[in-house]
Amino acid sequence: MTRESESGLPIEPVYGPAALDGWDAGERLGEPGAYPFTRGVYPTMYTTRPWTMRQYAGFGTAAESNARYQRLIANGTMGLSVAFDLPTQMGHDSDAPLAHGEVGKVGVAIDSVEDMKVLFGGIPLDKVSTSMTINAPAALLLLMYQLVGEEQGVPASKLTGTVQNDVLKEYIARGTYIFPPKPSLRLIADIFAYCRAEMPKWNTISISGYHMAEAGASPAQEIAFTLADGIEYVRTAVAAGMDVDDFAPRLSFFFVSRTTILEEVAKFRAARRIWARWLRDVYGAKTDRAQWLRFHTQTAGVSLTAQQPDNNIVRTAIEALAAVLGGTNSLHTNALDEVLALPSEKAAHIALRTQQVIMDETGVTNVADPLGGSWYVEALTDKMEAEAERVFDQIKRLAKQAVPNGDHPIGEMTSGILRGIEDGWFTGEIADAAFAYQRALEKGDKKMVGVNTLADSPTEDLEILRVSHEVEREQRRALADRRSARDDAEVRRTLARMTEVAKGDGNLIEPMLAAARAEATLGEICGALRDVWGGYTEPARF
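Small disclaimer: the values here were computed from a predicted structure and weren't measured.

Visitor: Sorry if this is basic, but what is going on with empty space enclosed by the protein here?
Guide: Unoccupied space between atoms shows up once a probe the size of one water molecule is rolled over them. Evaluation of the coordinates by the stated rule reveals seven cavities of 30 Å³ or more. The space that makes up the largest cavity amounts to roughly 80 Å³. Partitioned by chemical class, the residues of the lining of the largest cavity number eight nonpolar, three polar and four charged.

Below, the structure is given as structure tokens:
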């Protein structure tokens, strides 16, 4: 009986040379650090330098999160990864009615640049790389970070890190959007242009498949939808007059890693090869760096179980190993208790040590791309690539529905993506995949230890992190104090200037920076743009 992968691809019980009959290793595989980068973007990969170890953290107030960051750095974390609370992600201040009950719950609350100064207090921004998981208000949080650097005496040109800034996947899977797609894409292009000139070491976008996978997308769907979004961002930047060889090296990606090790390795390898081909052949990228697909990986939150939670340590270790074998550039390992709450101090420590054990004790860093040439892995990589191309063809058919004459003023892939968002096609495809997975689990066709098999092991209750309601009261008090102490006339002037630019087609980043410097709050800045552009509501789909 032929088995199927998580993506529904057929798997034979044994693979040999026949699986790669007629296969050109030079064309399909190459060497590490050389086109098509199937084997990794660097010639030596981890033999000379390990991946960056990031731990996603943030909760409560900026002061509480800062204390966690300080401890992570002391324990060997190489880079910070900031989790923001839901009001911040949605562009609301902590005292907004919609923020009630959510302040500091799933991340740190940031209302103004003063919160950012507390968040990174005592952390030298010229020595630490920071990743920020923020999308609709990404430009603003990045500018607040720049202002913190200024106060530390670190010029913007020396700051290193990544801002997620991937709003298309919010419409497809995650839902923390603020503005409609077109002005959101404009903001992204503005960030590209600004950072090219002012923050050349900053990764301006992390094009994310992780959230699609967590919503239910299969591995093949994850890379296909993500790369399609990436292609749209490239088109947006090129249409704004930017050179692909200038901005593409600052693009990065964000994928999940599941427990299915070999399929995940094949997924990562296929993604690198597809991206390199598109950037070279479609957009004319000439340099290797512009053709690279560099990516961050996070282990699968959806794989964690409340039942027998200690098993989650094993799952995370397997997923982390898959990411390393697939050539990830940075990695976050989930804590065993994240299925229930934000990670406790102990659980976060175990998660970090998991990466360090893989680095120091397994030997996988001794050779670049240790699975390269495996009959099964290479055959599965080819199948992943073919499946992704099939999804691209579906998106192009959506484009044909949107513009029947084929004259796409915003590009074929863009037309298809926007039509797919409007019609709910992406969310429908992900929902169907999630439903199929859940049915397999409930029927017992897919096993999950502690859930539908081997469920009788003893378990102990976990001590989990709980965020006090006092956080919201404290944040509101601090926000009121800051508003009373600032220059309101300067705030109004800078907001008026920003909205004037928003009504035209100028770059919004400098006016937004001026408003943040005047201590306009996140909610005030996002609210001013909502007044110009309107908000976005997901279309109903039945």
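Continuing now.
Visitor: What is the right way to look at a nonpolar patch on the surface in this model?
Guide: A cluster of nonpolar residues, Ile313, Val314 and Ile318, forms a patch on the protein surface that exposes about 210 Å² of accessible area. Examined against the element boundaries, Ile318 turns out to sit in helix α13 (residues 311-325). Assessed through its relative accessible area of 30%, Ile318 is described here as partly exposed.

Visitor: Honestly, the packing of aromatic side chains in this entry has me stumped. Any pointers?
Guide: By convention here, two paired aromatic rings are described through the distance between centres and the angle between planes. Summed over the entire model, instances satisfying the criterion amount to 22 aromatic pairs. When the centroid spacing of 6.3 Å and the interplanar angle of 45° are considered together, the rings of Phe255 and Phe268 count as tilted. Here the residue Phe255 occupies a position in strand β9 (residues 251-257), and Phe268 occupies one in helix α11 (residues 261-281), the gap between them amounting to 13 residues. Judged by relative accessible area, which is 0%, Phe255 ranks as buried. Look at Phe255 and Phe295: their rings are 5.7 Å apart centre to centre, the planes differ by 65°, and that puts the pair in the edge-to-face class. Of this pair, Phe255 sits in strand β9 while Phe295 sits in strand β10 (residues 295-299), placing them 40 residues apart in sequence. Members of the aromatic cluster, each reached through a chain of ring pairs, are Phe253, Phe255, Phe268, Trp275 and Phe295.

Visitor: Please clarify how the nonpolar core should be interpreted in this entry.
Guide: Taken as a class, soluble globular proteins show a tendency for nonpolar side chains to be buried jointly. Counting residues in hydrophobic clusters, the biggest one holds 79 residues, and the most contacted among them are Tyr233, Trp275 and Ile421. Each residue touching Ile421, except ones within four places of it in the same chain, is listed here: Leu168, Tyr171, Ile172, Phe426, Tyr536 and Pro539. Val82, Val128, Ala138 and Leu142 belong to the second largest nonpolar core, which has 60 residues in total.

Visitor: Where do I start with a negative patch on the surface in this structure?
Guide: Taken together, the side chains of Asp310, Glu460, Asp461 and Glu463 make up a negatively charged region of the molecular surface. If you trace the backbone, Asp310 turns up in the loop between β10 and α13.

Visitor: What exactly am I supposed to notice about the pairing of strand β3 (residues 52-57) here?
Guide: Remark: a regular strand shows side chains that alternate across the two faces of the sheet. Most of β3 is tucked away: five of the six residues are buried. Examined bridge by bridge, β3 and strand β11 (residues 330-332) share two bridges and lie parallel to one another. Opposite Met53, over in β11, you have Leu331 as the bridge partner. Note that β3 and strand β4 (residues 79-83) share four bridges and pair parallel. Each residue of the ladder has a partner; that of Tyr56, found in β4, is Ser81. The parallel pair β3 and β4 is bridged by helix α2 (residues 62-74), and the resulting crossover is right-handed.

Visitor: Can you walk me through the packing of helix α9 (residues 219-239) against α11 in this structure?
Guide: Between two packed helices, the angle of one axis relative to the other and the distance separating the axes together describe the packing. In contact at an axis separation of 10 Å, α9 and α11 are set at 25° when each is read in the N-to-C sense. Comparing their axes, α11 and α9 come out roughly parallel. Where α9 crosses over α11, the handedness of that crossing is right-handed. Across from Pro219, Glu222, Ile223, Leu227, Gly230, Ile231 and Val234 in α9, the residues of α11 making contact are Glu263, Glu264, Lys267, Ala270, Ala271, Ile274, Trp275, Trp278 and Leu279. Counted by class, the contact of α9 with α11 contains eleven nonpolar, one polar and four charged residues.

Visitor: I keep staring at the pattern of salt bridges and nothing clicks. Help me out?
Guide: Any two side chains of opposite charge can pair, so long as their charged atoms come close to each other. Inspection of the entire model under this criterion finds 40 salt bridges. Notably, a salt bridge pairs Arg473 with Glu470, separated by 2.9 Å at the nearest N-O pair. Here Glu470 and Arg473 lie together in helix α18 (residues 470-485), a separation of three residues that amounts to about one turn. By relative accessible area, Arg473 is classed as partly exposed at 45%. The exposure class of Glu470 is partly exposed, given its relative accessible area of 30%.

Visitor: Please explain the environment of Thr287 as it appears in this structure.
Guide: Assignment of secondary structure puts Thr287 in the loop between α11 and α12 (288-291). In the structure, Thr287 is positioned 47 residues away from Asn334 in sequence and 35 Å away in space, judged by C-alpha atoms.

Visitor: Looking at this structure, how should I read the pairing of β9?
Guide: In terms of residue burial, β9 counts as a mostly covered element, since seven of its seven residues are buried. Relative to β10, β9 runs parallel, the two sharing five bridges. Considered in β10, the bridge of Phe253 is made with Phe295.

How each quantity is defined
- Residues numbered from 1 in each chain as written.
- Predicted model: local features only at pLDDT ≥ 70, side-chain atom pairs only at ≥ 80, totals over all residues.
- Heavy atoms only, no water.
- 1 Å grid on protein atoms, 1.4 Å probe; cavity = no way out; pocket = protein on both sides within 12 Å on 5 of 7 lines; lining within 4 Å.
- Points joined across faces, edges and corners; volume = space filled by probe spheres on them.
- Nonpolar A, V, L, I, M, F, W, Y, C, P; charged D, E, K, R; others polar.
- Patch = residues over 30% accessible without salt bridge, like charges linked within 9 Å, V, L, I, M, F, W, Y side chains within 5 Å.
- Areas by Shrake-Rupley, 256 points an atom, 1.4 Å probe, with all protein chains shown as cover.
- Salt bridge = Lys/Arg side-chain N within 4 Å of Asp/Glu carboxyl O.
- Helix = DSSP H or I, 4+ residues; strand = E, 2+ residues; numbered from the N terminus.
- Buried < 20%, exposed > 50% of the residue type's maximum accessible area, 1.4 Å probe, protein only.
- Phe/Tyr/Trp six-rings, centres within 6.5 Å; stacked < 30°, edge-to-face > 60°.
- Core = buried A, V, L, I, M, F, W, Y, C linked by side-chain atoms within 4.5 Å.
- Contact = heavy atoms within 4.5 Å.
- Lys, Arg positive; Asp, Glu negative; His and termini not counted.
- Charge placed at Lys NZ, Arg CZ, Asp CG, Glu CD.
- Pairing = 2+ DSSP bridges.
- Right-handed = clockwise from strand over helix to strand, strands pointing away.
- Axes fitted to C-alpha atoms, helices over the stretch in contact; angles between N-to-C directions.
- Parallel < 35°, antiparallel > 145°, perpendicular 65-115°, else oblique.
- Left-handed = near helix turned anticlockwise from the far one by under 90°.

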